[in-house]
Amino acid sequence: NIHIHRSLKPIMNKVVDEFPGRVHYVLIDIEKDPEIAEAAGVNGTPTLQLFKNKERLVNTPGVKSKSDYRKMIQEALDSALVAA
């Protein structure tokens, strides 16, 4: 499981860099902070969740491609703009 997280972190760092000032990336170690995982409904790792104003817009488990993450983030940003 650790190797999955190590491979995901550089992917997410690159994707987030494509959205300067619009997306903040937070990595949570659910073994060290299980209460956060429970509160967020995380059942497996890795899990990507996107939030805007405390509302969860995306909840997707597993490792995806860089383009998949980019698309999810862009769609979440677009939907958040429409809803605002």
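Residues numbered from 1 in each chain as written. Predicted model: local features only at pLDDT ≥ 70, side-chain atom pairs only at ≥ 80, totals over all residues. Heavy atoms only, no water.

**Structural notes on the confidence of the model for the chain**
Item 1. Confidence along the chain averages 84 in pLDDT terms, with 87% of residues attaining 70 or more.
Item 2. Looking across the chain, the model is least confident in helix α1 (residues 2-17), with a mean pLDDT of 79, and most confident in helix α2 (residues 34-40), with 89. (pLDDT = per-residue confidence, 0-100. Helix = DSSP H or I, 4+ residues; strand = E, 2+ residues; numbered from the N terminus.)

**Structural notes on the nonpolar core**
Item 1. Core analysis: the largest hydrophobic core is formed by 14 residues, its most contacted members being Met12, Phe19, Val23, Leu48, Leu50, Tyr69 and Ile73.
Item 2. Where this core is concerned, the elements lending two or more residues are α1, β1 (47-52) and α3 (66-83).
Item 3. Counting residues per element, this core draws most heavily on α3, which supplies five residues.
Item 4. With sequence-adjacent residues up to four places away left out, tyrosine 69 is seen in contact with Leu8, Ile11, Met12, Val15, Leu48, Gly62, Val63 and Lys64. (Core = buried A, V, L, I, M, F, W, Y, C linked by side-chain atoms within 4.5 Å. Buried < 20%, exposed > 50% of the residue type's maximum accessible area, 1.4 Å probe, protein only. Contact = heavy atoms within 4.5 Å.)

**A closer look at the pairing of strand β2 (residues 55-61)**
Item 1. Direction of pairing for β1 relative to β2: antiparallel, over a ladder of six bridges. The residue bridging leucine 48 from the neighbouring strand is threonine 60, located in β2.
Item 2. Here β1 hands over to β2 after two residues, with asparagine 53 in that stretch at a positive phi of 50°. (Pairing = 2+ DSSP bridges.)

**Points about unusual backbone geometry**
Item 1. For the bond running from threonine 45 to proline 46, omega is -10°, close enough to zero to count as cis.
Item 2. For proline 46, the position within the fold is in the loop between α2 and β1.
Item 3. In this model, asparagine 53 sits at a positive phi of 50°, which is unusual for a non-glycine residue.
Item 4. Inspection of the secondary structure assignment puts asparagine 53 in the loop between β1 and β2.
Item 5. A residue is classified by how much of its surface remains accessible, and asparagine 53, at 72% relative accessible area, is exposed.

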